[in-house]
Amino acid sequence: MINPRRFLTIMTRTKFWKPRYYDIGVNFSDSMFQGYYNGSTTSKHPCDIQSVIERAHLFHVDKMLITALTIKESEDHFELCEKYSNQFDSTAGVHPCSVASEFYKLNDEIKQGDDGENSSSSSSSSSRYSDELRDDVNIKLEKLKNIIIKGYKLGHIKAFGEIGLDYDRLHYSSKHQQCEMLIKQLDLLHDLQTELNIQFLPLFLHMRSACDDFIKILKPYIEKGIINPVNAVVHSFTGTEQELNQLLELGFYIGVNGCSLKTEENLQVVKKIPINKLLIETDAPWCEIRKSHAGYKFIKNTIYPNKFYPELLEDVKQLLPSSIGKNSSIKLHENLPFPSIKKENFWKHSEFVQKSKENSNSTNPELLETRIGVLADPMIKSRNEPVNVGLVAQIICGLHDFKDDTEIENFIDTVFENSCQLFKT
């Protein structure tokens, strides 16, 4: 017999429940959010970080963690956190793909051309840099340590990272360079934790096709009590079931995004992640969920509104100009109520919005709905962003065949609480 009090609690919770998301991986330092794509020096649109944040908050992405790849980004993120009113937190550390350019000397054979340009600019980063550390490597590491201390005390930095190993992209940094600098960065941990008077600083870790070396390097720090794996996440996980089991056995959290959901094999591995060890992310602007991905079948027939993106009944009133109808050339995202446009069409959409307001029959164009619908700020095709984190949650619920409201609510709440617990927010 169902306990009446428990039944009432469940019904009340379901009635008023809304999803809460924590996107643990966002790269707001990436030039795409400034309008620059594929190395171009010509901007396709103005910086739209504020619009990206507002879209995320509109659909309950309450928390975001922006990830640093270099020492410069680690420090620059302070300004980002403050500029956007501390609407997100940050990490500090040097990504494995950045260690060569950050810490190693250029090879002697790389000469400057007569025009001042690097004559080997087309070569890979790893071939451009030797295995000899720069003379100022200790100064750089000391700077990184001080950035983490300052940022942690200011409340901006929640984790040390993104650090780790990436053997899929050795053209950026060699195995030797990555392993050596992972060790040197981990050697900062004891002093950091002592200075901050905390037992464990959360770690934001990167591991691609390097599980054995990754564990071999981290294990001594775990055995010495410097690292507690329950205070660390291996983000953007794309590994095998065996690798997953090795990481779970040590106690790590596992972060999942669109790159984790590409193939049927990926899906079967993700399905085996215990929900109490799972975190979700977008890794925006990268790792979007594409129609060609195996996981897409769990979202292809669902559009807003749904359990993962509830209808905005109280907050949004759809007042659109009469000139906008079903024949509008502006197309909405397949799953969300925002325009989805190619980057080249940003200004065309802006003109459309302006003309729509001018031609509106409304006596007050300011009443026109511009948060969702065709007049909203647009999402850029092929650029991922935090509002999409709910799609990651939806795919994983599909994997587990969670259809009941209570099952979905428990899943989303647990994953959100996992993230808050790890990053102490």
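Scroll up to find the structure this text is about.
Residues numbered from 1 in each chain as written. Predicted model: local features only at pLDDT ≥ 70, side-chain atom pairs only at ≥ 80, totals over all residues. Heavy atoms only, no water.

Undergrad: Can you walk me through the nonpolar core in this structure?
TA: Note that soluble globular proteins tend to have their nonpolar side chains buried in a common cluster. Membership of the largest hydrophobic core comes to 104 residues, with the highest contact counts inside it found for Phe28, Phe103, Phe160 and Leu247. A total of 8 residues in this core trace back to one element, the largest contributor, which is helix α13 (residues 389-399). Those residues within four positions of phenylalanine 103 in sequence are excluded, and the remaining contacts are Ile71, Val94, Leu133, Arg134, Val137, Lys140, Leu141 and Met181. Of all hydrophobic cores here, the second largest spans 12 residues; its members include Tyr22, Leu65, Ala159 and Phe204. (Core = buried A, V, L, I, M, F, W, Y, C linked by side-chain atoms within 4.5 Å. Buried < 20%, exposed > 50% of the residue type's maximum accessible area, 1.4 Å probe, protein only. Helix = DSSP H or I, 4+ residues; strand = E, 2+ residues; numbered from the N terminus. Contact = heavy atoms within 4.5 Å.)

Undergrad: Help me out: how do you make sense of the packing of helix α9 (residues 211-223) against helix α10 (residues 241-250) in this one?
TA: The N-to-C vectors of α9 and α10 enclose an angle of 5 degrees; their axes lie 11 Å apart at closest approach. By the angle class used here, α9 and α10 are roughly parallel. In this structure, α9 uses Cys211, Asp212, Phe214, Ile215, Lys219 and Ile222 to contact α10, whose residues at the interface are Glu243, Gln246, Leu247 and Leu250. (Axes fitted to C-alpha atoms, helices over the stretch in contact; angles between N-to-C directions. Parallel < 35°, antiparallel > 145°, perpendicular 65-115°, else oblique.)

Undergrad: Quick question: what am I supposed to make of the side chain of asparagine 384 here?
TA: Relative to the assigned elements, asparagine 384 resides in the loop between β12 (379-380) and α13. In this structure the side chain of asparagine 384 is engaged in a polar contact, spanning 3.1 Å, whose partner is the backbone oxygen of threonine 282. Of the polar contacts made by the side chain of asparagine 384, one reaches the backbone oxygen of tryptophan 286; its length is 2.9 Å. Among all residues touching asparagine 384, those that are not within four sequence positions of it are Phe33, Thr282, Ala284, Pro285, Trp286, Cys287 and Glu288. (Polar contact = N/O pair within 3.5 Å; in protein donor to acceptor, adjacent residues only side chain to side chain.)

Undergrad: What am I meant to see in α9 here?
TA: An α-helix turns once every 3.6 residues. As a result, residues three or four positions apart point the same way. Compared with the 18 Å implied by 1.5 Å per residue over 13 residues, the 18 Å span of α9 between its first and last C-alpha is a close match. Along its length, α9 reaches its greatest deviation from straightness, about 25 degrees, at isoleucine 217, and the proline proline 220 lies no more than four positions downstream. Taken as a whole, α9 has its buried residues at Cys211, Phe214, Ile215, Ile217, Leu218, Tyr221 and Ile222. Contacts made by the buried residues of α9 are with β6 (157-166), α7 (175-186), β7 (203-208), β8 (232-235) and α10. A positive backbone phi angle near 80 degrees is found at glycine 225, which sits one or two residues after α9. (Expected span 1.5 Å × (residues − 1). Bend = angle between axes of the 7 residues up to and from the residue.)

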